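So you can see what is in the structure, the chains are spelled out below.
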Amino acid sequence: MSTSLLETRRAQYSVLELCLPGEAPAPAGVIVYDPATGEYRLRFRRDWKALAGEEAEVLELLADDFDARMTELGAGMWLKQCEESLSNTLRISDPELILISDLDRAVERLYGQQIRPRVLPFVTHLPKYSASVAAGKFLDDTEVEEEDWVETPVGMRLQPGMFVVEITGRSMEPRIPDGSLCVFRAQSGGSREGRLLLIERLGFSESGGRYSVKRYFSLKQPHGAEWRHEMIRLEPLNPDFEAWELEKDPGTFRVIGEFIRILREGTI
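Because the structure is a prediction, the values reported are computed rather than measured.

### Some points on helix 3 (residues 62–73)
Here comes step 1: The first and last C-alpha atoms of helix 3 sit 16 Å apart over 12 residues, in line with the 16 Å expected at 1.5 Å per residue.
Here comes step 2: Taken residue by residue, helix 3 has Leu 62, Phe 66 and Met 70 as its buried positions. What you see down the axis of helix 3 is that its buried residues fit within an arc of 60°, all on one side. For helix 3, the exposed residues set more than 90 degrees away from the buried face come down to Asp 64, Thr 71 and Glu 72.
Here comes step 3: Count one or two residues on from helix 3 and you reach Gly 74, which has phi positive near 95°.

Right under this line is the structure:
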């Protein structure tokens, strides 16, 4: 369902600013607060070392400190104290009213509008590719340019070989809604059984669903000292879609990466 059809309610948001000597004020974080329920969400930037130098060590604790105080005192009381007392290095904007349907979506949208953090590759950001470009980079060893860099949630451990692809189509709903940004890891071997994989189905056109996410199952039989595939089945999670039965020919597809998590949901 489109978020425009969901019930909306009034909330307010504030922007925290960092004011370093000799520097223009820089937005440091966004706080969204629902006075009716007392719920809140906050999202602060994480590129403190690039932004603030020696002050970074203290500023890296800012999000946890705000979260603890809002939990202890209540979000409304803490925001009021900030409006009355913050000055000099940190200051907070006057609250602005907004209509929201979901706090998480609202804080992500406002963070994207208000803050432009520096890209720290594989520290805070992952590269975003189309499925075809990711296939070229991770399977054909082709040098390609990132389409974009996408910031990941706090606490997510990143490493080279991870990437983001937007998944279109409904075959993996409800787990992966149409239009979701998903994190994958280039597969370097190991068991694929039961895992969700980004697949290129060879010999199919783009319009025919050449790239897709499917759950992998296989049936193996012993063949001398080795095992051979008797059947490979790539399954959707949505029962309205059919599985791919690949039987004895694994050469009809190739695995681009393994699904790790949804980064940003599409709409259901």
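### Looking at the packing of helix 3 against helix 4 (residues 75–85)
Here comes step 1: In contact at an axis separation of 6 Å, helix 3 and helix 4 are set at 120° when each is read in the N-to-C sense. Taken together, helix 3 and helix 4 sit at an angle that is classed as oblique. Listed contacts from helix 4 to Phe 66, Arg 69, Met 70 and Leu 73 of helix 3 are Ala 75, Met 77, Trp 78, Leu 79, Gln 81 and Cys 82.
Here comes step 2: In terms of residue class, the contact of helix 3 with helix 4 is made up of 8 nonpolar, 1 polar and 1 charged.

### Here's the deal with the packing of aromatic side chains
Here comes step 1: The full count for this structure, using the stated rule, is 9 aromatic pairs.
Here comes step 2: Pairing Tyr 129 with Phe 138 gives two aromatic rings, centres 6.1 Å apart and planes at 80°, and the pair type is edge-to-face.
Here comes step 3: For the ring pair Phe 163 and Phe 184, a centre distance of 5.9 Å and an interplane angle of 25° mean the geometry is stacked. With Phe 163 in strand 8 (residues 162–167) and Phe 184 in strand 9 (residues 180–186), this pair connects stretches of sequence that are 21 residues apart. Per residue, the accessibility class of Phe 163 equals that of Phe 184, and both read buried.
Here comes step 4: One aromatic cluster is present, formed by Tyr 129, Phe 138, Phe 163, Phe 184 and Phe 259 through successive ring pairs.

What counts, and at which threshold
In this convention, every chain numbers its residues from 1, walking through the sequence in written order. Residue-level local features of this predicted model are given only where pLDDT is at least 70; pairs of side-chain atoms are given and counted only at 80 or more, and the full residue set underlies all totals for whole chains, interfaces and linings. Note: side-chain values were computed over all heavy atoms of the structure, leaving out hydrogens and water. Numbering goes from the N terminus for both helices and strands, where a helix is a DSSP run of H or I of at least four residues and a strand is a run of E of at least two. The span you would expect from a helix comes to 1.5 Å times its residue count less one. Exposure is judged per residue with a 1.4 Å probe applied to protein chains only, and the accessible area is read against the type maximum: over 50% gives exposed, under 20% gives buried, and values in between give partly exposed. Directions are taken from the helix axis to each C-beta atom, and the arc is the one they span. Think of each axis as a best-fit line through the C-alpha atoms, taken over the contacting stretch in the case of a helix, with angles from 0 to 180 degrees between the N-to-C directions. Here the angle decides the label: under 35 degrees means roughly parallel, over 145 means roughly antiparallel, 65 to 115 means roughly perpendicular, and every other value means oblique. The contact criterion used is simple: two residues touch if any of their non-hydrogen atoms lie within 4.5 Å. Residue polarity is assigned by list, with Asp, Glu, Lys and Arg as charged and Ala, Val, Leu, Ile, Met, Phe, Trp, Tyr, Cys and Pro as nonpolar; anything else, Gly included, falls into the polar class. Any two of the Phe, Tyr and Trp rings considered here, Trp counted by its six-membered ring, make a pair once their centres fall within 6.5 Å; the pair's planes then place it as stacked at under 30 degrees, edge-to-face at over 60, or tilted in between.

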